[in-house]
Amino acid sequence: MKVAIWGVTGYTGSELVRYLVRHPEAEIELLTSESSAGRKFSDVFPSFRGTIDIELVHPSELESPEVDVVFCCRGHTEAMDVVPGLLEKGVKVVDLSADFRMRSGKEYERWYGVKHRAEELLGEAAYGLPEVYRGKIKGARLVANPGCYPTAVALSLAPLLEEGLVDPEGIVVDAKSGVSGAGRRPSLKTHFVEVYGDVCPYNPGRSHRHTGEMEQVLSELVGRPVRITFVPHLIPVDRGILSAAYVKLTEDISTDELLGIYEKRYAGEPFVRVREDLPHTKDVWGTNFCDVSVRRVEGTEVAVAFAAIDNLGKGASGQAVQNMNLMFGMDETLGLR
Ligand SMILES: NC(=O)c1ccc[n+]([C@@H]2O[C@H](COP(=O)([O-])OP(=O)(O)OC[C@H]3O[C@@H](n4cnc5c(N)ncnc54)[C@H](OP(=O)(O)O)[C@@H]3O)[C@@H](O)[C@H]2O)c1
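Predicted model, so just to flag it, every value in this text is computed and none were measured.

Moving on, we come to the site of the ligand. For the ligand, the set of nearby residues contains 26 residues, the closest of which are Thr9, Glu34, Ser35, Arg74 and Arg184. At a separation of 2.8 Å, an oxygen atom of the ligand approaches a polar side-chain atom of Ser33. Relative to its free-state accessible area of 880 Å², the ligand is covered by the protein chains to the extent of 84%. Of the residues contributing to the shell around the ligand, the split by class is seven nonpolar, 14 polar and five charged. No fewer than three residues from each of domain 1 (2-124) and domain 2 (149-311) sit in the shell around the ligand.

This is the structure:
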């Protein structure tokens, strides 16, 4: 299977290369870069010297791609102008940006402040969370790879919501992300001196764009509106997300019973691990795993659902490979463990 990556010099693009070089069925055919066209991939990322030395080409080469699948690793608002042309040429697409994640142009505009320019594809795109949408992903030519926070939060809450155990309108999510979640382009906010030794919240309440995506997937899961108060934090680590979702229980149920529900829900899922102890970001670093756990808070009606992922693994490039595997009818774990 011939693969192209559009925008390979970002964090998600280069992480995809790391997964694909060990994928037994994938051959990296075309790597595009606007910022580094003409240079070798291994000159931009010397750890790949002797492994992937191919020359980076300008994104215009995607106009006639001789590949089976393109991973889009550029920012949102860019993919919507490129993806329709790729699909017309018969190429399958996994888009890591947010451009095809929302179900309607109206919702996209609400959260991203831009009118969608390929609205006709929003109904067709499969939301690439295999643990919920595996069937649709298998037949898809376009997969919208989920955001990092929504992946962690949806996987931590799905068992509780599916079993009707929580009030879907009163969920509070506190989450922490490593700095690579903000991408590789330099900015003052992600400058080492600003970040090192600091922890801060950002876009709290209902202002972070991922809030709409989390609510969309969880509402579809339970067939009624889910409302989330979301407070993300930036923490001084390179990668990793830890989320804690606080929910009001509708039944008297113990931690052991809750863990049993999680075990049953994720039995057979290759990349979700239920932990009796609490998840750590270090345990999922560089992997496509999502570690989840849950606790009932003694003497209250509150439960806390936890998840840890690598934002560049299950939160982006690992999950993108899992989706590619499903789209092409392969074992979904190929290249991932
Ligand atoms: N980072 C995450 O944890 C994460 C998780 C889930 C989804 N996503 C989404 O995936 C998409 C790509 O994210 P990303 O984190 O890979 O973005 P990024 O690191 O900021 O890279 C985005 C693009 O910027 C260019 N670029 C990279 N480094 C640059 C530099 N130093 N100067 C100028 N241009 C540079 C690259 O394009 P060229 O090679 O063409 O120049 C790259 O494709 C985004 O839509 C993002 O929202 C990211």
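Next comes the rest of the account.
Further remarks concern the layout of surface pockets. Reported here for the largest pocket is a volume of approximately 1600 Å³. Per-domain counts for the lining of the largest pocket show at least three residues from each of domain 1 (2-124) and domain 2 (149-311). The volume enclosed by the second largest pocket comes to roughly 350 Å³. The wall of the second largest pocket is formed by 19 residues, among which Tyr11, Ser180, Arg184, Arg239 and Leu312 lie closest to the centre. The residue makeup of the lining of the second largest pocket, split by class, is six nonpolar, seven polar and six charged. Each of domain 1 (2-124) and domain 2 (149-311) gives at least three residues to the lining of the second largest pocket.

Positionally, Ser42 belongs in helix 2 (residues 41-44). Look past the residues within four positions of Ser42 in its chain and what remains in contact with it is Phe48, Arg49, Ile52 and Asp53.

With that settled, consider the packing of helix 6 (residues 148-162) against helix 9 (residues 255-266). Describing two packed helices takes the angle between their axes plus the distance from one axis to the other. With their axes 10 Å apart at the nearest point, helix 6 and helix 9 run at an angle of 105° to one another. Between helix 6 and helix 9, the angle is such that the two are roughly perpendicular. Together, Ala154, Leu155, Ser156, Leu157, Ala158, Pro159, Leu160 and Glu162 of helix 6 and Leu258, Ile261, Tyr262, Arg265 and Tyr266 of helix 9 make up the contact between the two elements. Here the contact of helix 6 with helix 9 is composed, by residue class, of 10 nonpolar, one polar and two charged.

Here the domain parsing of the protein yields domain 1 (2-124) and domain 2 (149-311). A separation of 27 Å is found between the C-alpha centroids of domain 1 and domain 2. The partner domain 2 presents 17 residues to the 16 residues of domain 1 that form the contact. Surface buried jointly by domain 1 and domain 2 totals about 1400 Å² across both partners, of which 44% is contributed by carbon and sulfur atoms. Two residues, Arg239 and Glu15, come together in a salt bridge whose shortest N-O distance is 2.7 Å. At the surface where domain 1 touches domain 2, the tally comes to 10 residue pairs in polar contact (both at pLDDT 80 or more). At the level of elements, helix 1 (11-20) and helix 4 (105-112) are the ones that each hand at least two residues to the side of domain 1 that touches domain 2. Top element by residues in the side of domain 1 that touches domain 2 is helix 1. It accounts for four residues.

Residues Asp256, Glu257, Glu263 and Glu276 make up a contiguous surface patch of negative charge. Note on placement: Glu276 falls in the loop between strand 11 (272-274) and strand 12 (290-296).

How each quantity is defined
- Residues numbered from 1 in each chain as written.
- Predicted model: local features only at pLDDT ≥ 70, side-chain atom pairs only at ≥ 80, totals over all residues.
- Heavy atoms only, no water.
- Near = heavy atom within 4 Å.
- Polar contact = N/O pair within 3.5 Å; in protein donor to acceptor, adjacent residues only side chain to side chain.
- Areas by Shrake-Rupley, 256 points an atom, 1.4 Å probe, with all protein chains shown as cover.
- Nonpolar A, V, L, I, M, F, W, Y, C, P; charged D, E, K, R; others polar.
- Domains from an automatic or database assignment.
- 1 Å grid on protein atoms, 1.4 Å probe; cavity = no way out; pocket = protein on both sides within 12 Å on 5 of 7 lines; lining within 4 Å.
- Points joined across faces, edges and corners; volume = space filled by probe spheres on them.
- Helix = DSSP H or I, 4+ residues; strand = E, 2+ residues; numbered from the N terminus.
- Contact = heavy atoms within 4.5 Å.
- Axes fitted to C-alpha atoms, helices over the stretch in contact; angles between N-to-C directions.
- Parallel < 35°, antiparallel > 145°, perpendicular 65-115°, else oblique.
- Buried area = accessible area lost by both parts, 1.4 Å probe.
- Salt bridge = Lys/Arg side-chain N within 4 Å of Asp/Glu carboxyl O.
- Patch = residues over 30% accessible without salt bridge, like charges linked within 9 Å, V, L, I, M, F, W, Y side chains within 5 Å.
- Lys, Arg positive; Asp, Glu negative; His and termini not counted.
- Charge placed at Lys NZ, Arg CZ, Asp CG, Glu CD.

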